[in-house]
Amino acid sequence: MKDQFDHIVYSKNVIEFVAVANEFCLLLETCAKISKIDFIETAQKLLPLLYLKACLLPKNETDLEEEIEKFVSESDWEFIHSSVQSKMGAHDQYLEVFEEDMEYSETPVVASISENFADIYQDIKDFLTSYRIGTMDVMNEALWDLNNSFYQHWGQNLVNSLRSIHNLVAKNENLDEEIEDSDRPKLDNIDLSDSIFSQRKREWGEEDQ
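This text gives an overview of the structure that appears in the document. (Residues numbered from 1 in each chain as written. Predicted model: local features only at pLDDT ≥ 70, side-chain atom pairs only at ≥ 80, totals over all residues. Heavy atoms only, no water.)

1. Examining the packing of aromatic side chains
Line of reasoning, step 1. Under the definition given, this model contains nine aromatic pairs.
Line of reasoning, step 2. Arranged with centres 5.5 Å apart and planes meeting at 40 degrees, the rings of phenylalanine 127 and tyrosine 131 form a pair that is tilted. Placement of both phenylalanine 127 and tyrosine 131 in helix α5 (residues 113-133) is noted, with a separation of four residues, approximately one turn of the helix. The pair formed by phenylalanine 127 and tyrosine 131 is uniform in burial state, with each residue classed as buried.
Line of reasoning, step 3. Taken together, the aromatic side chains of Tyr10, Phe17, Tyr51, Phe127, Tyr131, Phe150, Tyr151 and Trp154 make up a single cluster linked through ring pairs. (Phe/Tyr/Trp six-rings, centres within 6.5 Å; stacked < 30°, edge-to-face > 60°. Helix = DSSP H or I, 4+ residues; strand = E, 2+ residues; numbered from the N terminus. Buried < 20%, exposed > 50% of the residue type's maximum accessible area, 1.4 Å probe, protein only.)

This is the structure:
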């Protein structure tokens, strides 16, 4: 048992990343329950911490020939995207400069915090789920995937979103402003029957009666 917990997946830096990543996922999953200003200010604090902990993750190798299971479905992604988009309202979009197409674009490239957050959520939630329920080999593979995806895309999405959020807070924008109901994404129209949220509720016996 001692040898098991000496494995890299139980190292201090991985455990600390898991703790911060859980907090970030929880923020996105429950953002409808908090105010816009609380959401933005919490994200402002969590994003740099999440980036730091990801940078400190140990590098590892994988021996698995097949890809591990992915848990975040398209409906999960859409739920997170719509929830954050609804919460951010008019402050969701920002001008992007770190895009390959920017050099050849005649018009500004517009990006979205909600899309960035949904992409980040997908990668780290898949890792967290594998880490929680997987075997040692699966956990090791999930860590390898996470390291790769961090440097390939979600790390850049994170720092781009932080730049936009920092700008909002620094400019003292009216962050309590809410969008009109007619412009708000309709979360009730998203089919979550096969989502990770429904799966967890069924496992925990929490389905609505």
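2. Examining the nonpolar core
Line of reasoning, step 1. Ranked by internal contacts, the top residues of the largest apolar core, which has 47 residues, are Phe17, Leu50, Phe117, Ile124, Phe127 and Trp154.
Line of reasoning, step 2. Secondary structure elements with two or more residues in this core: α2 (12-29), α3 (36-55), α4 (74-88), α5 and α6 (136-170).
Line of reasoning, step 3. Setting aside anything within four residues of it in sequence, one finds phenylalanine 117 in contact with Phe24, Leu28, Phe39, Ala43, Leu47, Val84, Ser161 and Ile165. (Core = buried A, V, L, I, M, F, W, Y, C linked by side-chain atoms within 4.5 Å. Contact = heavy atoms within 4.5 Å.)

3. Observations regarding α5
Line of reasoning, step 1. Between its first and last C-alpha, α5 extends 30 Å over 21 residues, near the 30 Å set by a 1.5 Å rise per residue.
Line of reasoning, step 2. Among the 21 residues that make up α5, 16 are buried, leaving the element largely enclosed by the rest of the structure. (Expected span 1.5 Å × (residues − 1).)

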